[in-house]
Amino acid sequence: MNIEIVIYVGYAGLLATGFLLVLAALMKKTHGLFWSRTPQEFIEDANNPKFDIEKSVGNKFIKVVFKYVPPFFIGFLLILLIALFFFS
């Protein structure tokens, strides 16, 4: 395996895990509601019991992402740093 491939894998993994972490952070800010609505709709839907299922699914997604994704993010970051510092 070539060092360039390792660097590309590091970048791809960092991008994918970073995207999941940012998505989970945004969902945590909105208390589990998906952010595919306007701010006015979000204010109206925040306490609406009709969206409790969406909140519970969003909160479960947040818990799973924040539990399992950060070690992979750190791992990809270390792979990328080691590849760039020692082999470039």
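What counts and how
Residues numbered from 1 in each chain as written. Predicted model: local features only at pLDDT ≥ 70, side-chain atom pairs only at ≥ 80, totals over all residues. Heavy atoms only, no water. Helix = DSSP H or I, 4+ residues; strand = E, 2+ residues; numbered from the N terminus. Expected span 1.5 Å × (residues − 1). Bend = angle between axes of the 7 residues up to and from the residue. Buried < 20%, exposed > 50% of the residue type's maximum accessible area, 1.4 Å probe, protein only. Contact = heavy atoms within 4.5 Å. Patch = residues over 30% accessible without salt bridge, like charges linked within 9 Å, V, L, I, M, F, W, Y side chains within 5 Å. Areas by Shrake-Rupley, 256 points an atom, 1.4 Å probe, with all protein chains shown as cover. Salt bridge = Lys/Arg side-chain N within 4 Å of Asp/Glu carboxyl O.

Caption draft 1: Seen up close, helix α3 (residues 52-87). The terminal C-alpha atoms of α3, which comprises 36 residues, lie 51 Å apart, in line with the 52 Å expected from a rise of 1.5 Å per residue. By the largest-angle criterion, valine 69 marks the main kink of α3, which is about 40°, and a proline, proline 70, follows within four residues. Buried within α3 we find Glu54, Lys55, Gly58, Ile62, Val65, Val69, Leu80 and Ala83. Buried residues along α3 sit against α1 (3-29) and α2 (39-45).

Caption draft 2: Structural view of a nonpolar patch on the surface. A contiguous nonpolar surface patch, about 850 Å² in accessible area, is contributed by Ile74, Leu77, Leu78, Leu81, Ile82, Phe85, Phe86 and Phe87. With respect to the helices and strands, leucine 81 occurs in helix α3. In this structure leucine 81 comes out as partly exposed when scored by relative accessible area, which is 35%.

By themselves, these figures tell us nothing about what the structure is for.
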